[in-house]
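Fold and contact review
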Amino acid sequence: MRYPEYEELLAESRPGTAAYTPHTQTDLLKEDVDIERLLTGAQNQEQGRIEAELGQIESRLQDRKELHDESVAELEDAVRVEKDRLQRLQHPFSAEDRVTSQKRRIRELEQQLQEIQRAYWQDCEQLQRERRRLQRELTELSDTDLSLFF
């Protein structure tokens, strides 16, 4: 497979070809200015990327909290309803199997509630670790003094 653009660039860079132009001292100074501008631009772009990721993490943390609060409220309501049913079932003439079944249903709902709490905690911990990593990167990036390179 041939790449004409690449071959042209390669030919231009070879001494002794008609397209080759050696760099002068002034060209190199202009390139230094361009390099500094490119490095600064790259640093700003990286900083913007990190800040955007931090914003996304904050948004995801907020979304997770809202969903978690909704899920917990629903399950707590369901547990409360099932406990009320259990109390109504617990009288001397109730069938023992219905009471046992109701108790099992309450235990299942409470386990679901614990699982939701655990999953939320783990998810938040992961997102907070990622946020701390990005904040360290941002600090390192802002502490980098590009003027030392010039």
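Preceding block: the structure.
This write-up is about the structure you can find in this document. (Residues numbered from 1 in each chain as written. Predicted model: local features only at pLDDT ≥ 70, side-chain atom pairs only at ≥ 80, totals over all residues. Heavy atoms only, no water.)

1. A closer look at the environment of Ser71
Among the structural elements, Ser71 can be located in helix H2 (residues 25-89). Given a relative accessible area of 27%, Ser71 falls into the partly exposed group. (Helix = DSSP H or I, 4+ residues; strand = E, 2+ residues; numbered from the N terminus. Buried < 20%, exposed > 50% of the residue type's maximum accessible area, 1.4 Å probe, protein only.)

2. As for the environment of Gln47
By secondary structure assignment, the location of Gln47 is in helix H2. A sequence separation of 95 residues divides Gln47 from Ser142, and the C-alpha atoms of the two residues are 8.0 Å apart.

3. Observations regarding a negative patch on the surface
Residues Asp63, Glu66, Glu70 and Glu74 make up a contiguous surface patch of negative charge. The exposure class assigned to Asp63 is partly exposed, which follows from its relative accessible area of 38%. (Patch = residues over 30% accessible without salt bridge, like charges linked within 9 Å, V, L, I, M, F, W, Y side chains within 5 Å. Areas by Shrake-Rupley, 256 points an atom, 1.4 Å probe, with all protein chains shown as cover. Salt bridge = Lys/Arg side-chain N within 4 Å of Asp/Glu carboxyl O. Lys, Arg positive; Asp, Glu negative; His and termini not counted. Charge placed at Lys NZ, Arg CZ, Asp CG, Glu CD.)

4. A closer look at the nonpolar core
Of all hydrophobic cores here, the largest spans nine residues; its members are Ile50, Leu54, Ile57, Leu61, Cys124, Leu127, Leu134, Leu138 and Leu141. Apart from residues lying up to four places away in sequence, Leu141 is in contact with Gln43, Glu46, Gln47 and Ile50. Core analysis: the next-biggest nonpolar cluster, separate from the first, contains five residues, Val72, Val79, Leu109 and Leu113 among them. (Core = buried A, V, L, I, M, F, W, Y, C linked by side-chain atoms within 4.5 Å. Contact = heavy atoms within 4.5 Å.)

5. With respect to the pattern of salt bridges
Side-chain pairing between opposite charges can occur once the charged atoms of the two side chains come close. Applying the stated criterion across every chain, the model contains eleven salt bridges. The salt bridge involving Glu46 is made with Arg49; its shortest N-O contact spans 2.5 Å. With Glu46 and Arg49 both in helix H2 and three residues apart, the pair spans about one turn of that helix. The exposure class assigned to Glu46 is partly exposed, which follows from its relative accessible area of 30%. Using a relative accessible area of 35% as the deciding quantity, one classes Arg49 as partly exposed. Notably, a salt bridge pairs Arg131 with Glu58, separated by 2.7 Å at the nearest N-O pair. On the criterion of sequence distance, the pair formed by Arg131 in helix H3 (residues 96-143) and Glu58 in helix H2 is long-range, its members being 73 residues apart. Classification of Glu58 by relative accessible area gives partly exposed; the value is 38%. Residues joined in a network through salt bridges with shared partners are Glu46, Arg49, Glu53, Glu130, Arg133 and Glu137.

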